[in-house]
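Okay, here's what each chain looks like letter by letter:
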Amino acid sequence: MKKLFLPLLFLFLAGCGQKDDTNWLGYAEGDNAFISAPQAGWITQLKVQRGSAVKPGDLLFTLDNTRQVAARDQARATLAQAQGVLAQEQANFDYTYKELLRQQGLARAHAGIGSQLDQAQSNYQQSLARLSQIQSQEKQAEASLADAQYQLDQRNVTSYVRGNVQDIYFRQGEYAPASTPVISVLPPQNVFVRFFVPETEFAKVKLGQKVQILCDSCAPNMIATISFIAQQEEFTPPVIFSVGNREKLVFKLEARAPGGLKLNPGQPIEVRPVAQ
């Protein structure tokens, strides 16, 4: 009886020491927001450092603005000139309108002269046309000023996302081309996991499936949803090589959660399917 019991005990203990084969290896990843300026220019100020926490509206960096300030000032002067001409023409229009009313009153009383009424009507129509033209010029000047102010504001680049600065590619005194990333920020909601499923277990996964994320410091019951499944298999990436899986063909998957996952990019994790 003892001879039969000992082999059974060894088999039980060996089974307890085996790792769950349904756990898939992977790591945390993040989609950075690459922030660039819409215009090229020299960086005059850098307001953040790597690791800085930023929120929407925070000033990140500024570009030289000498040309933009000059354009804004010129647009202001043009608008002021248009407004001055408009004020003069408005006064002239008011005069021609009153004169027209006076001549019309004289005509009704049969006390006026027909040529003077015709001249008053002509002066009124001409002033009205000039007034309309100058008002259009004023609107154009206002639009030019608004555009010049916008171009100037674009020299101050602010954040539209909340997160931590991951990297800085240009620093104060350097020339940054337009639409070239200057700073990268990682929003917390962009943190997800990338993991790899052996081809022998690929039939167990599908888009929209819930999975549990496991790691040494992970919160309990961290759940994510499979959001991406690669169409082609590949060899196990070197980053998750182990003696047991280095020769396996795997499929790459990604899983995300609303608001992101509280993990650090690059952090190794294990993924386990959640029973439906």
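Description of the structure in this document. Everything numeric in this text was worked out from a predicted model, so none of it was measured. (Residues numbered from 1 in each chain as written. Predicted model: local features only at pLDDT ≥ 70, side-chain atom pairs only at ≥ 80, totals over all residues. Heavy atoms only, no water.)

Regarding the overall build of the protein chain
Then comes step 1: The secondary structure content of the protein chain amounts to 3 helices and 15 strands.
Then comes step 2: Evaluated residue by residue, the protein chain yields a buried proportion of 34% over its 276 residues.
Then comes step 3: Entry remark: accessible area of the protein chain is about 17,200 Å², with carbon and sulfur atoms responsible for 54%. (Helix = DSSP H or I, 4+ residues; strand = E, 2+ residues; numbered from the N terminus. Buried < 20%, exposed > 50% of the residue type's maximum accessible area, 1.4 Å probe, protein only. Areas by Shrake-Rupley, 256 points an atom, 1.4 Å probe, with all protein chains shown as cover.)

With respect to the pairing of strand S3 (residues 41-46)
Remember that side chains alternate between the two faces of the sheet whenever the strand is regular.
Then comes step 1: Sheet topology note: the S3/strand S8 (residues 175-176) ladder contains 2 bridges and is antiparallel. Paired with Gly41 across the strands is Ala176, a residue of S8.
Then comes step 2: Across 3 bridges, the pairing between S3 and strand S5 (residues 59-63) is antiparallel. Bridge pairing in S5 places Leu46 opposite Phe61. (Pairing = 2+ DSSP bridges.)

Observations regarding the packing of aromatic side chains
Then comes step 1: All told, the structure shown has 8 aromatic pairs when counted by the stated rule.
Then comes step 2: Here the aromatic rings of Phe93 and Tyr124 are separated by 5.3 Å at their centres, their planes lie at 35°, and the arrangement is tilted. One end of the pair, Phe93, is in helix H2 (residues 66-108); the other, Tyr124, is in helix H3 (residues 114-153), with 31 residues separating them in the sequence.
Then comes step 3: Considering the side-chain rings of Phe202 and Phe251, the 3.9 Å spacing of their centres and the 20° angle between planes classify their relative orientation as stacked. (Phe/Tyr/Trp six-rings, centres within 6.5 Å; stacked < 30°, edge-to-face > 60°.)

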